[in-house]
Amino acid sequence: MNRRKLIGLSGAFAANWTVGRRFARSTGGYPFTLGVASGQPSPDGFVLWTRLAVLPLAPDGLGGMSEPTSVIWEVAADEAMRNVVRTGTVEAYSRWAHSVHIEVTDLEPGRPYWYRFIALGEASPVGLARTAPMPDTKLVGMRFAFASCSNWQVGYFSAYRHMAAENPDLVIFLGDYIYEHTYANASAHKVVRKHDGSTAIDLTGYRNRYALYHTDPDLQALHTAAPCLMTWDDHEVENDYANEWSERMEIAPENFLRRRAAAYQAYYEHMPLRIRSMPQGNGLRLYDRFRFGDLVSFSVLDGRQYRTKQPCEVPPWRHGHVASESCTDRLDPERTLLGAQQERWLFDEFRRSEAAWNVIAQEQLVAHLRQRNRDGASGYWTDGWDGYPVTRQRVLDAIMATRLNNPVFIGGDIHSFWTTDLKADFANPSSATVATEFVGTSITSDPPPRETTLAVLPDNPHIRFFESRHRGYVAVDLTRDRMETRMQIISDRRDPKATVSTLKRFVVESGRAGAIFA
Ligand code: FE
Ligand code: CA
């Protein structure tokens, strides 16, 4: 309780200071126009991130920087940065767009720390980071919040501001953190603020897209207020891409992989990722696990990089569509969403985890959703887990076989709130509920058509809740006995000062899969 209160005060202070500094200094030679961030906490440390950019949207994608530049980093035990416990200096290079990734180690477990950077004679805002408790620590509770789908063009990031005000111990980004696509017709898409350039297809384009998003004061406030975990979905690269395959069938994999490598490099340059995530060849190792005491294990998955291409494509497009039941390719056991290596790694965690709760953080809706295609025939969406049902069944089977404690899936992508029961046999509504699922709505992105979804809910009795009319995020208060989930909504994505309220609360009781309306 004391800790919560202490963090609460510091979070609000840090957030205000960030915003103030940005407006005061962003036109001069100030190098911290993109803010600061921390992430990937472990019991002895975390990653600190910033990227120097005196001109964030310089046309060459290098933020007005050229020379290698020394950056001092400081970690303090107090918010005023008086008691600095760790410090160092690194060089920021144009090869990585003057981004820095500091893996701070040898800290005390389970406590807050504050950090800042100093470069070009300027100090960055002070951010709040936090180490995880030791795995054997009896942790009584924690709060985390998760977000997805923040499309700059269609709204302001008020949801991020309200997430910061929750003072979560941890924030989880579940993908579509940027949108690569720039709308050609702004009025057709009700654009409230434009992207700075055309659709990102190369390193310069992706760098400037991330830079633009990181200039947002609400996103800066969120990063300053809490450490984060992250995975990506499709729009960090291209709509509905799959591994080496573009959504456009005529683009050869070797050409698409060049675009993907540029996007992955820009992702690394703008996220508080460990150095081991530094892109290698065409790839970037993103999936990872994080434990917070004996309370919770987070398995963060990468559902894009290793997947088989979507089944039953409709030329010239490979992207998601509702494929009718006659699409038997969908059921091919060779199809994979996670790739063999990541799947083995996940099942190994299922066997080893002794955490009271096991959160699987990933991009998309996991539950089956039987839909109708344009001809009225029953079918399934090909770009999500419904396009890879054999992988989903193996994951659920592994959860049952390992008797995993309290499995909960969290996801995004579908721009609406969902609460589902993941069933041992989805075709049999009275079969056991294996895991609980919560999907968060978008921070800003456009919702799916509501009436079409409402019409198919009777065919999907395992879907407990669906709501697409609001933008927002999900906050979770976790204790040993229960998980309390709040679906939080903002008043208006077009209002930069939008207020927040709670749409719905759910409780999951320990030992009993499936959410209860609270
Ligand atoms: Fe999205
Ligand atoms: Ca998506």
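Here the residue index of a chain counts from 1 through its sequence in written order. Here every chain gets a letter starting at A, and every ligand a number starting at 1, in the order they are written. Selection of residues for local features in this predicted model requires a pLDDT of at least 70, selection of side-chain atom pairs for listing and counting requires 80 or more, and totals for whole chains, interfaces and linings are taken over all residues. By convention in this description, side-chain values take in all heavy atoms of the structure and omit both hydrogens and water.

Structural notes on the confidence of the model for the protein chain
Here is step 1 of the chain: Model confidence for the protein chain is summarised by a mean pLDDT of 94, while 95% of its residues fall at 70 or above.
Here is step 2 of the chain: In this model residues 1–27 is a low-confidence stretch, pLDDT under 50, and it forms 41 contacts with partners more than four residues away in sequence or in other chains. Each residue gets a pLDDT score, which is the predictor's confidence in that residue and runs from 0 to 100. Every residue pair with non-hydrogen atoms within 4.5 Å of one another is taken to be in contact.

Focus: helix 6 (residues 340–352)
Here is step 1 of the chain: Helix and strand definitions here come from DSSP, where helices need a minimum of 4 consecutive H or I residues and strands a minimum of 2 consecutive E residues; each element is numbered from the N-terminal end. Take the number of residues in a helix, subtract one, and multiply by 1.5 Å to get its expected span. Taking 1.5 Å per residue, 13 residues should reach 18 Å; helix 6 reaches 18 Å between its end C-alpha atoms and fits that length.
Here is step 2 of the chain: Listing the buried residues of helix 6 in full gives Gln342, Glu343, Trp345, Leu346, Phe347, Glu349 and Phe350.
Here is step 3 of the chain: On its buried face, helix 6 sits against strand 12 (288–292), strand 13 (296–300), strand 15 (357–361) and helix 7 (389–401). Buried means the residue's accessible area, taken with a 1.4 Å probe over protein chains only, is under 20% of the maximum for its type, while exposed means over 50%, and partly exposed covers the values in between.

Regarding the nonpolar core
Here is step 1 of the chain: Of all hydrophobic cores here, the largest spans 45 residues; its most connected members are Tyr160, Met163, Phe173, Tyr177, Tyr206, Tyr267 and Ile443.
Here is step 2 of the chain: Secondary structure elements with two or more residues in this core: strand 9 (141–147), helix 2 (158–165), strand 10 (170–173), helix 3 (203–214), helix 4 (217–225), strand 11 (228–230), helix 5 (253–269) and strand 22 (472–479).
Here is step 3 of the chain: The biggest single contributor to this core is helix 5, with seven residues.
Here is step 4 of the chain: Leaving out residues up to four positions away in the same chain, Tyr177 has contacts with Ser150, Tyr160, Tyr210, Tyr213, His214, Leu219, His223, Glu236 and Met271. As used here, the term nonpolar core means buried Ala, Val, Leu, Ile, Met, Phe, Trp, Tyr and Cys residues forming a set that is joined through side-chain atoms within 4.5 Å.

Topic: the pattern of salt bridges
Here is step 1 of the chain: Definition used for salt bridges: Asp or Glu carboxyl oxygen within 4 Å of a side-chain nitrogen of Lys or Arg. If you walk through the whole model with that rule in mind, you get 35 salt bridges.
Here is step 2 of the chain: Glu325 is the partner of Arg370 in a salt bridge, and the nearest nitrogen-oxygen pair spans 4.0 Å. Placement of the pair is Arg370 in the loop between strand 15 and strand 16 (371–372) and Glu325 in the loop between strand 14 (322–324) and helix 6, with a sequence separation of 45 residues.
Here is step 3 of the chain: Here Arg450 ties to Glu451 by a salt bridge, and the two come within 3.7 Å at their closest N and O atoms.
Here is step 4 of the chain: By relative accessible area, which is 57% here, Glu451 ends up exposed.
Here is step 5 of the chain: It is possible to trace a salt-bridge network through shared partners that takes in Arg143, Glu166, Asp477 and Arg486.

Here we look at the pairing of strand 22
Here is step 1 of the chain: Burial runs high along strand 22: six of the eight residues are buried.
Here is step 2 of the chain: A pair of strands counts as paired when DSSP detects no fewer than two bridges linking them. The sheet contact formed by strand 9 and strand 22 spans six bridges and is antiparallel. Counterpart to Ala145 in the pairing with strand 22 is Ala475.
Here is step 3 of the chain: Note: strand 22 against strand 23 (residues 482–490), seven bridges, orientation antiparallel. From the neighbouring strand, Asp477 faces strand 23, where its bridge partner is Glu484.

As for the coordination of the iron ion (ligand 1)
Here is step 1 of the chain: Counted as donors are the N, O and S atoms within 2.8 Å of the metal, or 3.2 Å for Na, K and Ca, while water is not among the atoms, so some sites may look incomplete. Coordination sphere of the iron ion (ligand 1), protein contribution only: Cys149 (SG), Asp176 (OD), Tyr179 (OH) and His415 (NE2), at 2.0 to 2.4 Å.
Here is step 2 of the chain: For the iron ion (ligand 1), the four donor atoms in the first shell make angles of 84 to 163 degrees at the metal, a pattern classed as irregular.
Here is step 3 of the chain: Donor residues for the iron ion (ligand 1), ordered by position in the chain, follow C-x26-D-x2-Y-x235-H.
Here is step 4 of the chain: Taken as a pair, the iron ion (ligand 1) and the calcium ion (ligand 2) show a spacing of 3.8 Å, with Asp176 coordinating each metal. Taken together, the residues span a long stretch of sequence, with Cys149 in the loop between strand 9 and helix 2 and Tyr179 in the loop between strand 10 and helix 3 at a distance of 30 residues. You'll find Cys149 and Tyr179 in the same group, each marked buried. Site shape is set this way: if four donors have all angles between 85 and 135 degrees, tetrahedral; if opposite donors are over 155 degrees apart and all others between 65 and 115, square planar for four donors and octahedral for six; otherwise irregular.

Concerning the domain arrangement of the protein chain
Here is step 1 of the chain: The split into domains, and so the bounds of each, comes from an automatic or database assignment of domains. Domain boundaries in the protein chain define domain 1 (3–130) and domain 2 (141–517).
Here is step 2 of the chain: Taking only C-alpha atoms into account, the centre of domain 1 sits 27 Å from that of domain 2.
Here is step 3 of the chain: Listed by partner, the interface residues are 44 residues for domain 1 and 40 residues for domain 2.
Here is step 4 of the chain: Both faces combined, the contact of domain 1 with domain 2 buries some 3,500 Å², and carbon together with sulfur accounts for 55% of it.
Here is step 5 of the chain: What gets called buried area is simply the loss in accessible area from a 1.4 Å probe that two parts show on being joined, summed for both. Its largest share of buried area at the contact with domain 2, domain 1 owes to Gln40, Trp96 and His101, together 21% of the area lost on that side.
Here is step 6 of the chain: The interface formed by domain 1 and domain 2 holds one salt bridge in total.
Here is step 7 of the chain: Residue assignment for the side of domain 1 that touches domain 2 shows that the elements contributing at least two residues are helix 1 (2–25), strand 1 (36–42), strand 2 (45–51), strand 5 (99–104) and strand 8 (127–130).
Here is step 8 of the chain: With twelve residues, the single largest contributor to the side of domain 1 that touches domain 2 is helix 1.
Here is step 9 of the chain: Under the grouping applied here, Gly and all other residues not named as nonpolar or charged are polar, the nonpolar ones being Ala, Val, Leu, Ile, Met, Phe, Trp, Tyr, Cys and Pro and the charged ones Asp, Glu, Lys and Arg. Class assignment of the residues belonging to the side of domain 1 that touches domain 2 gives a composition of 23 nonpolar, 13 polar and eight charged.

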